[in-house]
Amino acid sequence: MSNAHTVRMPASTASSRASRRGFRWLRILLGSTLALVAFFLLLAGVSVLWLRTAAHLALPTLDGDLQITGLSAPVTVRRDTHGVPHIEAATQDDLFVAQGYVTAQDRLWQMDVYRRNANGELAEILGPSLVKHDRAQRVFQFRNTAQRIYANLAPGDRARLDDYARGVNLYIDQHRYTLPAEFKLLFYRPQPWSGADSLSIGMMLVQMLDSHWDAKLAREQIAADLRNPKLEADLYPVGSWRDHPPTGEVLDLSQPHPEPPPTGDDEEEDDRTQLGAAPHVYPASPSVQEDLSSLRTALGLPTCAGCSPGSNNWVIAGRHTASGKPLLSNDMHLGLTEPNVWYMADLGAQGYHAAGVTLPGMPFVIAGHNEHVAWGFTALHADVQDLYIEKLDGRGNYEAPDGSWKPLGMDHEVIHVRGGRDVKLDLQSTAHGPLLNPLLPHEQRPIALRWTLYDSTLNVLPLYQINAASNWDQFSAALGTWCWPTHNVVYSDDQGHIAYHAVGRVPLRPTGLRGVPIQDHEHEWQGYIPFGDLPNAADPPAGFLATANSRVTTAKSPYLLSMEWVNPYRIERIYKALQGRDQLTPKDMLTVQTDVYSEVDQEMGQRFAYAIDHANGVDDRLRKAADLMRSWDGRLTTDSAAASLVTQARQALWPLILTPKLGKDAGEYKWAESDFAEEEIVMHASLDWLPHGYKDWDALLTDAVRKGMEKGKAPGDVAQWTYGSWHVVDIEHPLTEFLPLILRVAGTGAHPQSGDTTTVKQVGRAFGPSQRFTMDWSDIDGSTENIVLGESGNPLSPYFRDQWNDWYGGTTFGLPFSPAAVAGNTRHTLRLLP
């Protein structure tokens, strides 16, 4: 029997083979990774090349002749040095056809997205993540409302909308294969435009400026948490001693300001006391706050504290200007988008000539001037919404205000979803308006929204009449028919007159305004406040009128209008900067529009410094912070360290104050005057607001500075913590969230940003002045207007971002208006031929 021998490999040989196998797999893995990276780089390169080609093909024709079906005569479109179209037509019908066509040349995809945003149709092109947004817009009934208004417009107004729509559709039909790149990127074509679509886009602005119902629902829960009417009043001030209503009276700014008028009658005060003293009969679920937060995110509402859509405007009589002619300025504060929300245009035809900013998707000029009058807007923020807790019988009926039972209104909606199943909605409504429960899954009570927008008797938007007015009588007559949104309007004309008027339909509420949902039939609306009873002034003694979204009513006003005004700091600064001065020039107007001084921030900085001086356990870093804040001039410049310290400390302070009282609801406290509320709480140093565990207010404020530095990641040397190192403006293309690698290059990128939400230059990361306008009646062609980025929505256009440096740098330029000035600034000429 032979012996079996096992042949063993040397250990070194086995190890060598294993090592070679390992290296082979490593090479394979590395090669595959490199190939994959190369593939994706190639794919990205091809994608960029494809997008550039699509964008190049979509560039509009700016010179030469184009045949346009339906015109009665040739239309000339001259583009100036900034690509602004100056459209000259023989008839007004041709003019608005041309306006629709030319606007579509530059902004067609933006127009379509605005339409889809208002109508709740974004999920159809962007997928399931937009279903929540679309559901909200369907519940709010914007598309149905726009169609109702369109059907009830005066024939002339409806015809002008149809003219504009015809121009848009002519452009779409002529450019089926050279549409903007976004259409190709998302593989869809725009539906034909209609007059009702233009009104849907108008509804978008109404929603942005006049929708505050969520604050009433949030306040209800916060009041229940506090169970203390005084503390509730501290958090929800109604106006302030810093306000400057536009009365036009000569003010002595060295004297104390009058206190704001009371918020309501005795019954209203009793209701508020009862609200704070005990839970409601139908208590809200705390989880409703989560619903509201989710809804605000879905609707893309500004998240920065104090970023309330608003504006500045003012008008100065000629006796205070260097030229002897009136000056009017307006800068409207909105979310900053790419492209800009506004589109500049100069529109001329027989009996009509107006220039300024237009809203892509709508005809006419929104804010600007004609040959005789100029105007500018700020949001009034009047209370035009109420929430009603309805009673249902479980069988499809609700209790009407007269006590009878009526069937719920029913509406069936279908949301088409790209890459998903259609979403079917069964929406219910009462005489008050739609039930909001589909948007508030945690809310057990049936809540209806009443809004002036839903009143079927209100169907007027007098933009054309405003554009065509030639004096105050005609202009104010047009304002008297304005329905929504509520606005402050300032006016000047070539005859030297100046004026102000609040506009919009504001409900008459004999039993007072309500800041929380209504649970009875005692608070029904009784018509609307007469136009003549809204705040107004014409050729006032002071020769100066200004608004900035803060309180415009006085103790003499017959009606309150709102419980939620905006912080008073911008208007206070405007009055201090302009009232009482003479020899004012357009340059002075721009200086005020770009002003970055904040009195409240400077005041809070002094208080923080004092607290650190008197607190225990303070280190050298905090002492240095105190020195920086103590010597600060209150200007929020990008190189200021004190601005970083103060603003971050203020952000840290609110949670320290509110969380002990409100718990998780603290993050849902939102009020347009929250900065003033914070100022008053801090300066009065009420023990009711001092959190447990702090010896005194000095200790609390010192801790706020400490936590602000921690959260803001301040460097060891706080003097190096410049404001612009973290406070930035960053404007992105709306599709960046979906295609970040491709479309991020279309954005501005992050740039250091001066100012904050309490400065005249009111700003946030993607929020701020959406345009700047100054009308100078001594030099109509020298009157200035600029938007944020540029006229075009196409990144390859020279007019895509040519205005950015002016906006960011705080400079501006003239908008040619007279024939000679337009001819002298023309760079392109296009003729639209019948």
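Residues numbered from 1 in each chain as written. Predicted model: local features only at pLDDT ≥ 70, side-chain atom pairs only at ≥ 80, totals over all residues. Heavy atoms only, no water.

Visitor: Even after reading the chapter, I still don't get the overall build of the protein, so can you show me in this structure?
Guide: Within the protein one finds 24 helices and 25 strands. Over its C-alpha atoms the protein spans a radius of gyration of 30 Å, differing by no more than 12% from the 28 Å that the globule rule assigns to 834 residues. Projected onto the principal axes, the alpha-carbon positions of the protein cover approximately 125 × 80 × 65 Å. Put simply, of all contacts in the protein between residues at least 6 apart along the chain, 73% involve residues at least 24 apart. Element-wise, carbon and sulfur atoms account for 55% of the exposed surface of the protein, whose accessible area totals about 33200 Å². Positive and negative charge centroids in the protein, built from 72 and 98 side chains respectively, lie 11 Å apart. (Helix = DSSP H or I, 4+ residues; strand = E, 2+ residues; numbered from the N terminus. Rg over C-alpha atoms; globule rule 2.2 N^0.38 Å. Contact = heavy atoms within 4.5 Å. Areas by Shrake-Rupley, 256 points an atom, 1.4 Å probe, with all protein chains shown as cover. Lys, Arg positive; Asp, Glu negative; His and termini not counted. Charge placed at Lys NZ, Arg CZ, Asp CG, Glu CD.)

Visitor: Any chance you could explain the sheet that holds strand S2 (residues 75–79) here in plain terms?
Guide: Sheet strands pair via backbone hydrogen bonds, and the direction of the pair is either parallel or antiparallel. The mixed open sheet is built from 11 strands, whose spatial order is S1-S25-S2-S3-S6-S7-S8-S9-S16-S17-S18. Of all strands in the sheet, those with a lone pairing partner are strand S1 (64–67) and strand S18 (536–538), marking the two edges. Averaged over all pairs of adjacent strands, the angle between strand axes in this sheet comes to 20°, irrespective of strand direction. In this sheet, strand S8 (residues 367–370) lies alongside strand S7 (residues 352–358) in antiparallel orientation, the contact comprising 4 bridges. When the bridges of S8 are listed, Gly356 appears paired with Gly368. (Pairing = 2+ DSSP bridges. Axes fitted to C-alpha atoms, helices over the stretch in contact; angles between N-to-C directions.)

Visitor: In this structure, what is going on with the nonpolar core? I would like to understand it.
Guide: When a protein is soluble and globular, its nonpolar side chains tend to lie buried together. Core analysis: the biggest nonpolar cluster contains 127 residues, and Phe140, Trp342, Phe475 and Leu832 have the highest contact counts within it. If one sorts the elements of this core by residue count, helix H2 (residues 92–119) sits on top with 13 residues. For Leu832, the contacting residues outside a window of four places in its chain are Leu66, Ile68, Leu71, Ala73, Pro74, Val75, Val77, Ala98 and Tyr101. By size, the runner-up hydrophobic cluster in this structure holds 51 residues, among which are Tyr236, Leu645, Ala649 and Met709. (Core = buried A, V, L, I, M, F, W, Y, C linked by side-chain atoms within 4.5 Å. Buried < 20%, exposed > 50% of the residue type's maximum accessible area, 1.4 Å probe, protein only.)

Visitor: I'm lost on the pattern of salt bridges in this one. Help?
Guide: As a working rule, side chains carrying opposite charge can pair if their charged atoms are close by. Tallied over the full model, the rule gives 46 salt bridges. One salt bridge in this structure joins Arg395 and Asp393, with 3.7 Å as the shortest N-O distance. Judged by its relative accessible area of 67%, Arg395 falls in the exposed class. Classification of Asp393 as partly exposed rests on a relative accessible area of 23%. Among the charged side chains, a network of salt bridges with common partners joins Arg242, Glu572, Lys576, Glu599, Glu603 and Glu679. (Salt bridge = Lys/Arg side-chain N within 4 Å of Asp/Glu carboxyl O.)

Visitor: How should the side chain of Asp455 be read in this particular structure?
Guide: Inspection of the secondary structure puts Asp455 in the loop between strand S15 (447–451) and helix H13 (463–468). Salt bridges are absent for the buried Asp455, whose nearest opposite-charge side chain, Arg450, sits at 6.1 Å. A polar contact of 2.7 Å, which involves the side chain of Asp455, links it to the side chain of Thr457. The contact partners of Asp455, leaving out residues within four places of it in the chain, are Arg148 and Tyr528. (Polar contact = N/O pair within 3.5 Å; in protein donor to acceptor, adjacent residues only side chain to side chain.)

Visitor: Can you help me understand the packing of H2 against helix H4 (residues 131–140) in this one?
Guide: The relative placement of two packed helices is expressed as an angle between their axes plus a distance between the axes. Across the interface, H2 lies against H4 with an axial gap of 7 Å and an inter-helix angle of 70°. Judged by the inter-axis angle, H2 sits roughly perpendicular to H4. Contacts between H2 and H4 involve Asn117, Ala118 and Asn119 from the first element and His133, Gln137 and Arg138 from the second. Looking at the contact of H2 with H4 residue by residue, the class counts come to 1 nonpolar, 4 polar and 1 charged. (Parallel < 35°, antiparallel > 145°, perpendicular 65-115°, else oblique. Nonpolar A, V, L, I, M, F, W, Y, C, P; charged D, E, K, R; others polar.)

Visitor: Explain helix H16 (residues 586–593) to me, please; I cannot follow it from the model alone.
Guide: An α-helix turns once every 3.6 residues. As a result, residues three or four positions apart point the same way. Listed in full, the buried residues belonging to H16 are Asp588, Met589, Leu590, Val592 and Gln593. Next to the buried residues of H16 lie strand S4 (310–316), strand S5 (327–335), helix H15 (569–578) and strand S23 (771–776).

Visitor: It is not clear to me how the pairing of strand S16 (residues 487–493) should be interpreted in this structure. Could you clarify?
Guide: Among the 7 residues that make up S16, 7 are buried, leaving the element largely enclosed by the rest of the structure. Residues His487, Val489, Tyr491 and Asp493 line one face of S16 and the alternating positions Asn488, Val490 and Ser492 line the opposite face, and both faces are buried. Bridge count for S16 against strand S17 (residues 498–503) is 6 bridges, and the pairing is antiparallel. Residue pairing in the sheet places Tyr491 in a bridge with Ala499 of S17. Counting the residues that bridge the hairpin from S16 to S17 gives 4 residues, and of these Gly496 lies at a positive phi of roughly 95°.

Visitor: So what exactly am I meant to see when it comes to the packing of aromatic side chains here?
Guide: Any two aromatic rings considered together are summarised by their centre-to-centre distance and by the angle between their planes. In the structure shown here, the tally under the stated rule is 23 aromatic pairs. Three or more aromatic residues joined by ring pairs make a cluster, and in this case those are Phe140, Phe142, Trp213, Trp451 and Tyr454. Across the ring face of Tyr464, the terminal group of Arg160 is positioned such that the distance to the ring centre comes to 3.5 Å. It is Arg219 that lies over the ring of Tyr236; its NZ or CZ is 4.3 Å from the centre. (Phe/Tyr/Trp six-rings, centres within 6.5 Å; stacked < 30°, edge-to-face > 60°. Lys NZ or Arg CZ within 6 Å of the ring centre and 35° of its normal.)

Visitor: Looking at this model, I keep getting lost on the environment of Asp639. Mind explaining?
Guide: Looking at where Asp639 falls in the secondary structure, it is placed in the loop between helix H18 (620–630) and helix H19 (641–662). The class of Asp639 is exposed, set by a relative accessible area of 58%. Between the alpha carbons of Asp639 and Gln720 there is a distance of 8.8 Å; along the sequence they are 81 residues apart. Among the polar contacts made by the side chain of Asp639, one reaches the side chain of Thr637 at a distance of 2.7 Å.

Visitor: Where do I start with the pairing of strand S6 (residues 343–349) in this structure?
Guide: Every other side chain in a regular strand lies on the same face of the sheet, so the side chains alternate between the two faces. In terms of burial, S6 is a largely internal element, 7 of the 7 residues being buried. Pairing between strand S3 (residues 85–88) and S6: 3 bridges, direction parallel. Residue Glu88 lies in a different strand from S6, and its bridge partner there is Gly348. Alignment of S6 against S7, held across 7 bridges, turns out to be antiparallel. From the neighbouring strand, Tyr343 faces S7, where its bridge partner is Thr358.

Visitor: I'm lost on the packing of helix H17 (residues 599–614) against H18 in this one. Help?
Guide: Taken N-terminus to C-terminus, the directions of H17 and H18 make an angle of 145°; their axes are 8 Å apart at the nearest point. Crossing handedness for the pair H17 and H18: left-handed. Here Gly605, Gln606, Phe608, Ala609, Ile612 and Asp613 of H17 come into contact with H18, specifically with Leu622, Arg623, Ala626, Met629 and Arg630. Considered class by class, the residues forming the contact of H17 with H18 number 6 nonpolar, 2 polar and 3 charged. (Left-handed = near helix turned anticlockwise from the far one by under 90°.)

Visitor: Is there a simple way to think about H19 in this case?
Guide: Compared with the 32 Å implied by 1.5 Å per residue over 22 residues, the 32 Å span of H19 between its first and last C-alpha is a close match. For H19, the capping residue at the N-terminal end is Ser640, with a side-chain oxygen 3.4 Å from the backbone nitrogen of Ala642. Looking one or two places after H19, you find Gly663, whose phi comes out positive at around 65°. (Expected span 1.5 Å × (residues − 1).)

Visitor: Would you mind showing me how to read the environment of Ala54 here?
Guide: In this fold, Ala54 is placed in helix H1 (residues 11–57). It is 8.1 Å that separates the C-alpha atoms of Ala54 and Leu179, two residues lying 125 residues apart in sequence. Aside from chain neighbours lying at most four places away, what touches Ala54 is Leu179, Ala181 and Lys184.

Visitor: What's the story with the confidence of the model for the protein in this structure? I'm lost.
Guide: Should pLDDT be low for a region, the predicted coordinates there are not to be read in detail. Counting all residues, the mean pLDDT for the protein is 92, and 91% of those residues have values of 70 or more. A low-confidence stretch, residues 1–7 (pLDDT under 50), is modelled with 0 contacts involving residues beyond four sequence positions or located in other chains. Low confidence marks residues 265–282, where pLDDT is under 50. Its contacts with residues over four positions away, or in another chain, come to 37 contacts. (pLDDT = per-residue confidence, 0-100.)

Visitor: Which parts of the structure should I look at to understand unusual backbone geometry?
Guide: What you tend to see is this: most non-glycine residues have negative phi, and most peptide bonds are trans. Note that the residue after Glu338, namely Pro339, is joined by a cis bond; omega there is 0°. Topologically, Pro339 is positioned in the loop between S5 and S6. Residue Pro485 follows Trp484 across a cis peptide bond; omega there is -10°. Along the polypeptide, Pro485 turns up in the loop between helix H14 (472–479) and S16. For Phe187, which is not a glycine, the phi torsion comes out positive at approximately 55°. Within the secondary structure layout, Phe187 lies in the loop between helix H7 (181–185) and helix H8 (195–210).

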